[in-house]
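What follows is the residue order along each chain.
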Amino acid sequence: MDPLPALSAIDGVMLVVVAWFAIGLAGIAALHDFRLVGRVFFPLSAALSLALAAFALLALPGAPQVAVLAIGLPDLPFHLRLDALSAFFLAILGLASAGISVFAGGYFRQGEGTPPGLLCLQYHLFLASMAMVLLADDAYAFMVTWEVMALSSYFLVTTNHRIAEIRRAGFLYLLVAHVGAIAILLCFGVLQANTGDYTFANMRAQELSPFWASCAFLLALFGFGAKAGILPLHVWLPEAHPAAPSPVSALMSGVMLKTAIYGMVRVNFDLLGSPIWWWGVVALAVGLATALFGVVFAAAQVDMKRLLAYSSIENIGLIVVGLGLAMIFAAYRMGSLAALALVASLYHCLNHALFKSLLFLGTGSVLHATKERSLGKLGGLMRYMPWVAWTTLAGVIASAGLPPSNGFVSEWLLLQGFLFTGELPNPYLRMLVPVFAAGVVLVAALAGYVMVKFFGVIFLGRPREEKLAQAHDAGGLERLGLLWLTAGCVLLGLFPVAVLEALDPITVALVGRGLAASGSAGDWLLLAPVSAARASYSPILFLLVTAAIVAVAFVLVRRFYHGRVRRAAAWDCGFPMQTARMQDTAEGFGQPIRQIFEPFYRMRRELPTPFDEAPRYKVTVEDPLWAWVYLRIAAATEAASRWVGLLQRGRISIYLLYSFLTLVALLFLTQA
Amino acid sequence: MTSFTSQVINLFAAVLLLIAFAMLSQRRIVTLINLFALQGLALVGSTVTVAWATGQHHLYWSAGITFVLKVLALPWILHRLIRRLNVKWDIETLINIPTMMLVGIVLVVFAFNLALPIAEFSDSIARGTLGIALACVLMAFLMMITRSKAVPQVIGFLAMENGLFFAATSATYGMPMVVELGIALDVLVGMIILGVFMFQIREQFDSLDIHHLEKLKED
């Protein structure tokens, strides 16, 4: 099957996991040695990431491989399985973490909270646990590694644990992660259908009644949604991402959120068997609400990492929309359309892993160069940090979904999927789903707006503060990481057909049909997911034509207009004094969106009076769901605990009497 | 012979119950500790008898552990503790002693009633004693509730474990060795923790009276 019969892909993946573990432990040995940890361990780990991606890509087209590890409790070994779906997500993990680890080698500095060796251990535990989550083939292994993932990432988030705000963010994250984990555990409990056998193979074999299957679906949506950040469980994302160091944010947003998507796909398409149509509608509605919410709030943010966190929420929403669409098609046995929607979702997972990691790393470099996270104090950095600026530009284009980037391909595929909903047999769905499509288009457009704001305010214009002129560009390792992810974004955008062919085994396994057979087979240039007659897209052609038009325009302007570049003061509207403060700010740029979507926000605005000597303008935008959902839950909990508090009398004798009476009552009951 | 050994076991059980009543009515802490040691000795005696009658060798081991732990080690620790803490007297109980004895009798009746259907199923030679074991547990619990000082409460806790152990030997010839070792360790560690705790209580309040702990309640 593969060229190295001695080492199958699953063994290779496990070797990488063990090696990561070893690097983590080595980090403990070199607890305070920044040079060793940064220059040796992290690059080494990046090489392992590449090896992981290679093994995963090798396993993608092959048959599923299984292994049993006798670790953990007696008689309860870890079942592992590497099939096409796991392999694809492992490839995402490998490709994204390769860039992030190299960057991290240059990023972590002295004196920022946790010592480097410990950070190295937590980081590699996090990587290893994510790989094991993707390999797990029974509920026990899955939950154990899932929890390791949550805990290690918690410690990474609270790296700067001396700041109270960061500890609070970490706690919120841990809390939501555990509420989600309970739902996942219950979901597995439903799936095993009272057989007592928690292997995924057994769950696949069970035929659940529609009621219990729906329970399992809803639990999975809730549990994995808590990790992925779907509404209303998204609250931890905008808190935890700004709190964490940038490589950690990149890893969490780029890869960890994808493990939650992996869980959803695994449960809904693999373990549950055939879906029911209304599941798809639920996922579609929740996904669209999440995406819209994320992008609208991203537009109102003034902290660059918070902005990216909300943008992650939006992208997760789009991915869930794709999953919902795939479920609807799968419920009506429309195999190739289900495959199209699923491919769009998975493709977007891959894209988001790369471009969001890239953007987070870019903000990390900016943060280190300027010590500033607030958009209002940045600006004009393109001249001082060209490497970071140009690589971030690639990520921004991808995130905005502009052709020929990879982001465009997946969003285009998703909309293609929507165009075929006219063939659905259910008339209500035929009417409803195009509305969702319109919502998706709105989200895509607003995402473009957000990204213009992000890039424009940070890198373009003039520096808003004096000290920004001293900003230095990223170091060598950081550049390498940024370049790797940029290359990924560009190549995935230019060669979508190759990706589609690689995804084929997954859709064949999950919905019974592949895309390669129906449309574009044979022509590696032209992407035509359903048939060339309906819609097709050729990114390379697009790139060439765009480049040609730009070149022609450039030459014509140079030739016939003035032919020279002149640096001079801009036209000043007759107002002689101009400062960098007079540029459009992040608040100003987001103002139209804040106005249009005002009912979404809880805003507090402080406007100065005309006679104010030292005028200050301040606006805070808060999440309305925090007040509507979370504060109410908190109030209800406190009311309930006051009732329970009546039991508290403060006397040991009374407490003992409680247990004594309970014991006697129970004994009495067993006798009866 | 069987009837003879079961008579012996019944005798030990009766002694256990008697000591339980004695502990319930005893005010002096030193005597309480001695009674506790005596109860441990009765327990060892019954365990050895069961072991000899049934040929269950692991019961000798658990009898040995019980002897070392409950007859020698724990009373010694407790004696040291009260010498260090300088408490000899348990001034008063929360309910007066005659009432407590009456409640104890009710508990014994209840325990016997409860154990009757279970004993029917058991084929152990000591099946009649399950009710006594249960009564010992409940009465030790009662003692914990009604004492207002920390040391007698700890003794009540230990006595409760005695009752449980007796229930295990009499109903099913003892628990698996692992469980037994675990419980023995638990009791020892619990004792040490409670000892430290008592010192802390006294440091904080200059007294071992647990009324002071009421201040810890959140209003």
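Since this is a predicted model, take the numbers as computed values, not measurements.

Rules of the game
- Residues numbered from 1 in each chain as written.
- Chains lettered and ligands numbered in written order.
- Predicted model: local features only at pLDDT ≥ 70, side-chain atom pairs only at ≥ 80, totals over all residues.
- Helix = DSSP H or I, 4+ residues; strand = E, 2+ residues; numbered from the N terminus.
- Contact = placed C-beta atoms within 7 Å.
- Buried ≥ 20, exposed ≤ 12 C-beta atoms within 10 Å, placed from the backbone.
- Core = buried A, V, L, I, M, F, W, Y, C linked by C-beta atoms within 7 Å.
- pLDDT = per-residue confidence, 0-100.
- Axes fitted to C-alpha atoms, helices over the stretch in contact; angles between N-to-C directions.
- Left-handed = near helix turned anticlockwise from the far one by under 90°.
- Nonpolar A, V, L, I, M, F, W, Y, C, P; charged D, E, K, R; others polar.
- Parallel < 35°, antiparallel > 145°, perpendicular 65-115°, else oblique.
- Expected span 1.5 Å × (residues − 1).
- Pairing = 2+ DSSP bridges.

A. Highlighting the overall build of chain B. Within chain B, the secondary structure is distributed over seven helices and zero strands. N-terminal to C-terminal, the α/β element order of chain B is α-α-α-α-α-α-α. For chain B, the share of sequence-separated contacts (at least 6 apart) that also reach a separation of at least 24 residues comes to 75%.

B. Molecular detail of the overall build of chain A. For chain A, the count of helices and strands is 22 helices and four strands. Viewed in the frame of its principal axes, chain A has a C-alpha envelope of about 100 × 70 × 60 Å. Expressed as a percentage of its 672 residues, the buried residues of chain A come to 50%.

C. Region of the structure containing the nonpolar core. Ranked by internal contacts, the top residues of the largest apolar core, which has 220 residues, are Val13, Phe88, Ile92, Ala131 and Val343 of chain A. Excluding residues within four positions of it along the chain, Val13 of chain A makes contact with Leu52, Phe55, Ala56, Leu82, Leu90, Ala131 and Leu135 of chain A. Membership of the second largest hydrophobic core comes to 58 residues, among which are Ala13, Leu74, Ile132 and Ala167 of chain B.

D. Region of the structure containing unusual backbone geometry. Residues and elements named next belong to chain A. Cis geometry marks the peptide bond from Leu231 to Pro232; its omega dihedral reads -10 degrees. Among the structural elements, Pro232 can be located in the loop between helix 8 (210-228) and helix 9 (236-243). Each neighbour pair has its own omega, and for Pro403 with Pro404 the value is 5 degrees, a cis peptide bond. Relative to the assigned elements, Pro404 resides in the loop between helix 14 (386-400) and helix 15 (406-419).

E. Just the confidence of the model for chain B, in detail. Of the residues in chain B, 86% have a pLDDT of 70 or more, and the chain-wide mean is 81. When mean pLDDT is compared element by element in chain B, helix 2 (residues 29-54) of chain B scores highest at 89, while helix 7 (residues 177-205) of chain B scores lowest at 76.

F. Expanded view of the environment of Ala131 of chain A. All names here are of chain A. Relative to the helices and strands, Ala131 resides in helix 4 (residues 116-135). Under the C-beta neighbour-count criterion, Ala131 is labelled buried, with 27 such atoms within 10 Å. Through-space distance from the C-alpha of Ala131 to that of Leu93 is 7.5 Å; in sequence the pair is 38 residues apart. The residues touching Ala131, leaving out its near neighbours within four places in the chain, are Val13, Val16, Val17, Leu52, Leu90 and Leu93.

G. Up close: the packing of helix 13 (residues 335-370) of chain A against helix 14 of chain A. Residue and element names in this part refer to chain A. Viewed as axis vectors pointing N to C, helix 13 and helix 14 meet at an angle of 145 degrees, and their least axial separation amounts to 9 Å. As helix 13 packs across helix 14, the resulting crossing turns out to be left-handed. Taking contact as the criterion, the partners of Asn351, Phe355, Leu358, Leu359, Gly362, Ser365 and Val366 in helix 13 are, on helix 14, Val388, Thr391, Thr392, Gly395, Ala398 and Ser399. Of the residues assigned to the contact of helix 13 with helix 14, the class counts are six nonpolar, seven polar and no charged.

H. Structural view of the packing of helix 11 (residues 277-300) of chain A against helix 16 (residues 427-459) of chain A. All names here are of chain A. Between helix 11 and helix 16, the least distance of the axes is 9 Å, while the angle of their chain directions is 25 degrees. With respect to each other, helix 11 and helix 16 are oriented roughly parallel. Relative to helix 16, helix 11 is oriented so that their crossing is left-handed. Taking contact as the criterion, the partners of Leu284, Leu288, Ala291, Leu292, Val295, Val296, Ala298 and Ala299 in helix 11 are, on helix 16, Phe436, Gly439, Val440, Val443, Leu446, Ala447, Tyr449, Val450 and Lys453.

I. Here's a closer look at helix 7 of chain B. For helix 7 of chain B, which comprises 29 residues, the first-to-last C-alpha distance of 41 Å matches the rise-based estimate of 42 Å (1.5 Å per residue) to within 8%. Asp206 of chain B sits one or two residues past helix 7 of chain B and shows a positive phi near 60 degrees.

J. Local environment of the pairing of strand 2 (residues 78-82) of chain A. Residues and elements named next belong to chain A. Taking burial as the measure, the five residues of strand 2 include five buried ones, the bulk of the element. Taking every second residue as pointing to the same face, both faces of strand 2 are buried, with Phe78, Leu80 and Leu82 on one and His79 and Arg81 on the other. Bridging between strand 1 (residues 65-69) and strand 2 involves five bridges; their strand directions are antiparallel. Bridging across to strand 2, Val66 finds its partner in Arg81.

K. Highlighting the environment of Gly117 of chain A. Residue and element names in this part refer to chain A. Relative to the helices and strands, Gly117 is located in helix 4. When the C-alpha positions of Gly117 and Leu446 are compared, they lie 41 Å apart, and in sequence the two are 329 residues distant. Ignoring anything within four residues of it in the chain, the contact list for Gly117 reads Gly27, Ile28, Ala30, Leu31, His32 and Val37.

L. Highlighting the environment of His178 of chain A. Note on placement: His178 of chain A falls in helix 6 (residues 164-191). Note: C-alpha distance between His178 of chain A and Leu57 of chain A (121 residues apart in sequence) is 32 Å.

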